[in-house]
Amino acid sequence: MTNHKEGLKNYSRSLGRLSREIPDTMQGFNQLGQAALADGAVSVKNKELIALGIGIASRCEGCIEAHVNKAIEAGATKEEMYETIGVAILMSGGPGTVYGAMAYDVIEEFLG
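Below, the structure is looked at part by part. Quick caveat, the model's predicted, so the values are computed rather than measured.

### Points about the pattern of salt bridges
Side-chain pairs of opposite charge can arise where the charged atoms are in close proximity. As enumerated under the stated definition, the model contains 4 salt bridges in all. Arg 13 serves as the salt-bridge partner of Glu 6, at 3.3 Å between the closest nitrogen and oxygen. You can call Arg 13 partly exposed: its relative accessible area is 40%. For Glu 80, the salt bridge goes to Lys 45, with nearest N and O atoms at 2.7 Å. Taken together, the positions of Glu 80 in helix α5 (residues 78-92) and Lys 45 in helix α3 (residues 44-57) put the pair 35 residues apart, joining distant regions of the chain.

### Some thoughts on the nonpolar core
Grouped together as the largest cluster of nonpolar side chains are 17 residues, with contacts concentrated most on Leu 52, Ile 56, Ile 64, Val 68, Met 81, Ala 103 and Val 106. Broken down by secondary-structure element, the contributors of at least two residues to this core are α3, α4 (61-73), α5 and α6 (94-111). The element best represented in this core is α6, accounting for 5 residues. Among all residues touching Leu 52, those that are not within four sequence positions of it are Ile 64, His 67, Val 68, Met 81, Thr 84 and Ala 103.

### A look at the state of the cysteines
Applying the stated criterion across every chain, the model contains 1 disulfide. Residue pairing for Cys 60: its cysteine sulfur links by disulfide to Cys 63, the two sulfurs lying 2.2 Å apart. Across the S-S bond linking Cys 60 and Cys 63, the dihedral sits near 70 degrees, which makes this disulfide right-handed. The class for Cys 63 is partly exposed, based on a relative accessible area of 25%.

### Re the packing of α3 against α5
At a minimum axis separation of 8 Å, α3 and α5 run at an interaxial angle of 40 degrees. As judged from the angle between their axes, α3 and α5 are oblique. Where α3 crosses over α5, the handedness of that crossing is right-handed. Two secondary-structure elements touch here, α3 through Lys 45, Leu 49, Leu 52, Gly 53, Ile 56 and Ala 57 and α5 through Glu 80, Met 81, Thr 84, Ile 85, Ala 88 and Ser 92.

### Considering helix α1 (residues 4-21)
Across its 18 residues, α1 extends 26 Å between first and last C-alpha, which sits within 8% of the 26 Å expected from 1.5 Å per residue. For α1, the capping residue at the N-terminal end is Asn 3, with a side-chain oxygen 3.2 Å from the backbone nitrogen of Lys 5.

Rules of the game
Residues numbered from 1 in each chain as written. Predicted model: local features only at pLDDT ≥ 70, side-chain atom pairs only at ≥ 80, totals over all residues. Heavy atoms only, no water. Salt bridge = Lys/Arg side-chain N within 4 Å of Asp/Glu carboxyl O. Buried < 20%, exposed > 50% of the residue type's maximum accessible area, 1.4 Å probe, protein only. Helix = DSSP H or I, 4+ residues; strand = E, 2+ residues; numbered from the N terminus. Core = buried A, V, L, I, M, F, W, Y, C linked by side-chain atoms within 4.5 Å. Contact = heavy atoms within 4.5 Å. Disulfide = S-S within 2.5 Å. Axes fitted to C-alpha atoms, helices over the stretch in contact; angles between N-to-C directions. Parallel < 35°, antiparallel > 145°, perpendicular 65-115°, else oblique. Left-handed = near helix turned anticlockwise from the far one by under 90°. Expected span 1.5 Å × (residues − 1). Polar contact = N/O pair within 3.5 Å; in protein donor to acceptor, adjacent residues only side chain to side chain.

From the geometry alone we can't say anything about function, so treat these as descriptive.
And the structure:
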C-alpha cells in the first residue's frame with residue numbers, strides 16, 4: 001500500500017527544489033494558486049473539492065494527495081470528498097475509477 005502522507009512530503013520537497021531552480025516560474029504558479037483558491041463567491045472548501053475532482057480526472061497522484069489534504073484543512077468531510085470522487089468518475093470514465101479508488105485510499109489514510 002502506498003504511503004500517501006509520505007508521498008505528499010516528497011512532492012513538497014521536490015517543489016521546494018524546483019522553486020530554487022526556476023524561482024520566477026514557481027513564484028508565478030504559487031501566486032496563481034493562491035488567487036484561484038482564495039475564498040470568494042466559491043468557498044475554499046468547494047474550490048479544493050473541485051481541484052480534487054480535476055486531479056482525479058487528470059490522473060495526477062500528487063494533485064490528489066495535495067487537494068485531499070487541503071480539502072480536509074478547509075473542513076471537507078469524507079462524504080463530500082466521496083461525492084467528488086463520483087463526479088470525477090462521471091467526467092473521466094474508467095480511468096477515473098482507478099484514480100478515484102486511489103483518492104479514496106488517500107482520504108482514508110489522511111483521516112484515519
